[in-house]
Amino acid sequence: MKPLILIANDDSIYSKGIRVLTEIMSEMGEVVVVAPDTHQSGMGHAITLGEPLRVVKTNDFGDHIQSYKCSGTPADCVKIGKHQILKGRKIDLVVSGINHGSNASIAVLYSGTMSAAIEAAMEGIPAIGFSLCDFASDADFSHCHDYIIKICQQVLVHGLPKGLTLNVNFPAHSSLPLQGIKVVKQANAIFRERFEERKDPYGKPYYWMDGDLHNEDLNNNTDLDALAENYVSIVPVKYDLTDYDELKQMQSWDL
């Protein structure tokens, strides 16, 4: 039987990235799409608690693809996909994306795309988040196809430990072919923000956040290094944030 694949994202059900990912996944199995009805980038692992979730069946991917738009966050989409839309069925794989923009390094903590994949991992479902280092709404994803198939096939064959997901980032399309895949660590980088103050028509201030990502990691074997060398980067990600070395140290404190 074909594997059952649930697709989510954070750029909304209307983004080009999720359409490309759905087409690719349709080559591999039975696909169900549950995605936000509005842009949810940067939502992290937020979930909807104070208001109801609205889920509407759509025909945005054609008659052969079961698809739904959800009023909630990316994590909400995976939750309601598993517990309501696909209730009682075994989901073989969750894929999230393809995100418009990098989710390498520290961005993994802010990413709605990765939070959808992490939510699946919390449910014990193998999951992968895919991102492209190009924010353009009409970005070229053509170089991603074969790598996505290869990575998904390997996960379906080998599985993933419970609680672990893959953060996959692609360099932007260029005239140069991709060099291959590197499995690497998350770069120790920091986003240094700056805020531009502006005035609204009533003279009251408001702010736009901007900034730059600064890689402070000298390891040379990170996701940012791989992307700079035109490789696809894969980082195995766990949602357990416990620092076990520090845990041992703190157990000796006089508390």
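Residues numbered from 1 in each chain as written. Predicted model: local features only at pLDDT ≥ 70, side-chain atom pairs only at ≥ 80, totals over all residues. Heavy atoms only, no water.

Per an unreviewed UniProt entry, the protein goes by the name 5'-nucleotidase SurE and belongs to Aquirufa originis. As stated in UniProt under Function (unreviewed entry), the record for the protein gives "Nucleotidase that shows phosphatase activity on nucleoside 5'-monophosphates." UniProt lists a comment for the protein under the heading Sequence similarities (unreviewed entry), and it reads "Belongs to the SurE nucleotidase family." (UniProt positions renumbered as here; feature names shortened; annotations may be inferred.)

(A) Representation of the pattern of salt bridges within the structure. Within the structure shown, the criterion is met by eleven salt bridges. With a closest N to O distance of 3.0 Å, Lys79 and Glu119 form a salt bridge. With a gap of 40 residues between them, Lys79 in helix 2 (residues 74-85) and Glu119 in helix 3 (residues 112-122) connect regions that are remote in the sequence. With relative accessibility at 3%, the residue Glu119 sits in the buried group. One salt bridge in this structure joins Arg194 and Asp210, with 3.5 Å as the shortest N-O distance. Of the two residues, Arg194 is situated in strand 9 (residues 189-199) and Asp210 in strand 10 (residues 205-215); the sequence distance between them amounts to 16 residues. When its relative accessible area of 41% is taken as the criterion, Arg194 is described as partly exposed. Judged by relative accessible area, Asp210 falls into the partly exposed class, the value being 42%. Residues joined in a network through salt bridges with shared partners are Arg194, Asp210 and Asp212. (Salt bridge = Lys/Arg side-chain N within 4 Å of Asp/Glu carboxyl O. Helix = DSSP H or I, 4+ residues; strand = E, 2+ residues; numbered from the N terminus. Buried < 20%, exposed > 50% of the residue type's maximum accessible area, 1.4 Å probe, protein only.)

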